[in-house]
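Remarks on the overall topology
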Protein chains: 2
Amino acid sequence: MRVHSGGVNYTASTALLTDKYELTMLQAALRDGTAHRRAAFEVFARRLPNERRYGVVAGTSRVLRAILDFRFSEEQLAGLDFLDQQTLDYLRNYRFSGSVDGYREGEIYFPYSPLLTVQGTFGECVLLETVILSIMNADSAIASAASRMVTAADGRPIIEMGSRRTHEYSAVTAARAAYVAGFSATSNLEAAHRYSIPASGTAAHAWTLAHINPDGTPNEEAAFRSQIESDGVGTTLLVDTYDITKGVETAIAVAGTSLGAVRIDSGDLGAVTRRVRKQLDDLGAHNTKIVVSSDLDEFTIAGLRGDPVDTYGVGTSLVTGSGAPTASMVYKLVEVDGHPVAKRSSSKQSMGSAKRAVRTHRSTGVALEEIVYPYGAQRPDIPEHLEVRELTVPLMRDGATVAGLPTLADARAHCAAVRGTLPWEGLALSRGEPAVPTRLVGFDSTR
Amino acid sequence: MRVHSGGVNYTASTALLTDKYELTMLQAALRDGTAHRRAAFEVFARRLPNERRYGVVAGTSRVLRAILDFRFSEEQLAGLDFLDQQTLDYLRNYRFSGSVDGYREGEIYFPYSPLLTVQGTFGECVLLETVILSIMNADSAIASAASRMVTAADGRPIIEMGSRRTHEYSAVTAARAAYVAGFSATSNLEAAHRYSIPASGTAAHAWTLAHINPDGTPNEEAAFRSQIESDGVGTTLLVDTYDITKGVETAIAVAGTSLGAVRIDSGDLGAVTRRVRKQLDDLGAHNTKIVVSSDLDEFTIAGLRGDPVDTYGVGTSLVTGSGAPTASMVYKLVEVDGHPVAKRSSSKQSMGSAKRAVRTHRSTGVALEEIVYPYGAQRPDIPEHLEVRELTVPLMRDGATVAGLPTLADARAHCAAVRGTLPWEGLALSRGEPAVPTRLVGFDSTR
């Protein structure tokens, strides 16, 4: 099975992106029959990253793809020399044949939201733990951070430019997760190709530095002139390599007042952008925009809300989840042969039973409560004046996707729509309680 | 070009793991001739993550591989519709033909250590920025965190088990970086196959939970019995699913006193391990080891130094760099046509000139000072009673590796050896000054 991905072709098997113990558990389970028991596993998070008010689900579509691609080649099997023949035969024929239900990609989530429920035999479900969690934890951490940056930017576009600060493939999916949450573009070419995200980029300090006179003295003007000849006056010139005021002056002298934008990547951005805006206006470049970068996060973005910033470029803080690089989601066995099961050792209790969830909204659209109840149970009564939205949707049945792979565009639109239903306090950047409370109904609380 | 990697085959082109602006800069540089200027770029970090005392270089071998694999296919070129024909032709024939010097993988580093120096034409060097930094920043962040865990563990083995908490491919290279820094094994199968790292793993709580009686009541004994039948008594039983004391009792009842180990994944690990050790000894299981996991980091590992822990399992904190998920390294143009160049805007000064470095050691072996000087200059005088070690070694010449790709075993051995030369205070976990001071010699301080 091969995946076309903007030029990077690879055999898409996800089978070895897996912890060894999934396979040794499978072996023991095949021997004692547990492998064939009906099981339900659930992906959820016990807490939101950094005590934030909400999280954003991302990675769902990639998870479904990874499940479809969870196949073992003969070459891979040959390396699994710690397994017996029965287990190797099982893996050779492995195709996930169960069901997956869960939250849509782009959905808002809270502690204990049942984000994915994977049902099938114990053997086929346990194998998927590692790769499902890797994807959900990485992508949701990024999307959850990105979403706060998007609301902090208050409608102004944000360009993702963090590729250089994270693993080379993590960079590609980070760009995707940021786009789910509302970023407008990425600097990463593979992400642009693989996911059709708009690509963006201008020039680095190296570009200006590379333009020196024969005696080694700087020639910023030559750098600007050359960039404009190549990219047109609509481009963005980086003006802070030497002296920002001089840089802006040179930029407009070279490009004229139709220059697309200037970028500032250092200094006290509030003070600098106000000064540069005035300078641009004084020069008649009223339509020349100001792009800022330089270690921005949601807090510094919000801090610039009153300043003349047109576009934000965000790198490190995006790809590192702004202090929470993982979403801490877990994949827990919650049901075996119809019986709820749960861990009971100190401080890590889980709640047995497969689950589904709805969210209630006031007639104004504002989210009121999330209600989680047993998967097979009837929905709890909800007052008639409230609107009810199903959070749990069918994603796979009998090992096949229910409606193909959810698209990135749908996830992005869904995120924007759902974020609009959060109570105002839910958009606060400060730490605090989840924006919407979760109520668990119909579970045996003594478990 | 194809890479064999434990079953996951992929066309190894790294060319699109790149920011768009590298290509638009190239285009402008081809038009104005800058592309053909001689240039030197340097990878360095202005600070150590979290004000730690030292960092560990990792990713060097992967960087060299990525440079060799930086080739554009026709399919990739077809997607680059924002470039002109001259640029596309340049990319079609692109092969890095320059040189790379730098620190060995596994080396200890400090702020401003010249970790990699890439020399060639401006055009061929500028293209490599993104992928070089992605790899160095990700791998060095992990290795730097891992190294502190290794010293905190004081000789006891640490198993890397963080795959589920990070991007599915980042997991693979995180296992590798941890191994460079001295971890003893990984749970990740792809890492085991691709890099020949020992794989390790036992069982999850799901394993125990899956063993219930027909009425739904737990049957921990059945889970333990089955695991031992499949894996032998040398296995590790996870004893904290229900009640730890009962779990240990059942484990020894089932396995006998030859049980390999018990794993504890929750609770106050100091108190619990002491209790469990006593219980095991009272049961005669003196050789049964205790493995602990549960959100360990370097501080909690150190905190357990006096407790009867035999092996640590570390997940989240390892793959997230224990609070510093990126090493914040940059790739800066430092020389053009033999002239030093440097940015001069506020707070982001760089120092021009390509560089090399040596480290001095007392006769006892303890590192004394790092000395950085211009690449082409003579080495500064160093007192005769000190030993001098070259930190800058040739890695590529004329686009080819100097001595093949450095091996993982060499990097791991080098890291262990070099860490042994740090002054004692350098191994402190607290924040502070770099363990070894860096002296810059022979640069024009006014630049």
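These numbers come from a predicted model, not from an experiment. (Residues numbered from 1 in each chain as written. Chains lettered and ligands numbered in written order. Predicted model: local features only at pLDDT ≥ 70, side-chain atom pairs only at ≥ 80, totals over all residues. Heavy atoms only, no water.)

The next subject is the side chain of Thr24(A). Turning to its location among the elements, Thr24(A) is positioned in helix 1 (residues 20-32). A distance of 3.3 Å separates a polar atom in the side chain of Thr24(A) from the backbone oxygen of Thr202(B). Discounting residues that sit within four places of it in the chain, Thr24(A) has contacts with Phe82(A), Leu83(A), Thr202(B), Ser230(B) and Asp231(B). (Helix = DSSP H or I, 4+ residues; strand = E, 2+ residues; numbered from the N terminus. Polar contact = N/O pair within 3.5 Å; in protein donor to acceptor, adjacent residues only side chain to side chain. Contact = heavy atoms within 4.5 Å.)

With respect to the helices and strands, Glu22(B) occurs in helix 1 (residues 20-32). Excluding residues that lie within four positions of it along the chain, Glu22(B) makes contacts with Arg164(A), Val126(B), Leu127(B), Glu129(B) and Thr130(B).

Contacts between the two partners involve 107 residues from chain A and, on the opposite side, 107 residues from chain B. For the pair chain A and chain B, the number of links is eight salt bridges. Measuring nitrogen to oxygen at the nearest pair gives 2.6 Å for the salt bridge that ties Glu168(B) to Arg62(A). At the junction of chain A with chain B, the criterion picks out 53 residue pairs in polar contact (both at pLDDT 80 or more). Broken down by element, the side of chain A that touches chain B gets its largest block of residues, eleven residues, from helix 1 of chain A. (Salt bridge = Lys/Arg side-chain N within 4 Å of Asp/Glu carboxyl O.)

Turning our attention to the confidence of the model for chain A. All names here are of chain A. Residue-level pLDDT values for chain A average 94, and 95% of them are 70 or greater. In the predicted structure, residues 1-10 sits below a pLDDT of 50 and forms 39 contacts with residues beyond four places in sequence or in another chain. Interface predicted TM-score (ipTM) for the complex: 0.96; the corresponding pTM is 0.96. (pLDDT = per-residue confidence, 0-100.)

Another point: the packing of aromatic side chains. Remark: the centre distance and the inter-plane angle together describe each pair of aromatic rings, the angle taken between the planes. Using the criterion set out here, one finds 15 aromatic pairs over all chains in the structure. Among the aromatic residues, those joined into a ring-pair cluster are Phe41(A), Phe122(A), Tyr331(A) and Trp207(B). The lysine or arginine in question, Lys20(A), covers the ring of Phe82(A), its NZ or CZ lying 4.6 Å from the ring centre. Lying across the ring of Tyr179(A), Arg412(A) places its NZ or CZ 4.0 Å from the centre. (Phe/Tyr/Trp six-rings, centres within 6.5 Å; stacked < 30°, edge-to-face > 60°. Lys NZ or Arg CZ within 6 Å of the ring centre and 35° of its normal.)

Below, the discussion takes up the environment of Gln86(A). Residue and element names in this part refer to chain A. Looking at where Gln86 falls in the secondary structure, it is placed in helix 4 (residues 85-92). Gln86 sits 56 residues away from Leu30 along the chain, and the two C-alpha atoms are 7.7 Å apart. Contact partners of Gln86, with chain neighbours within four places excluded, come to Leu30 and Arg31.

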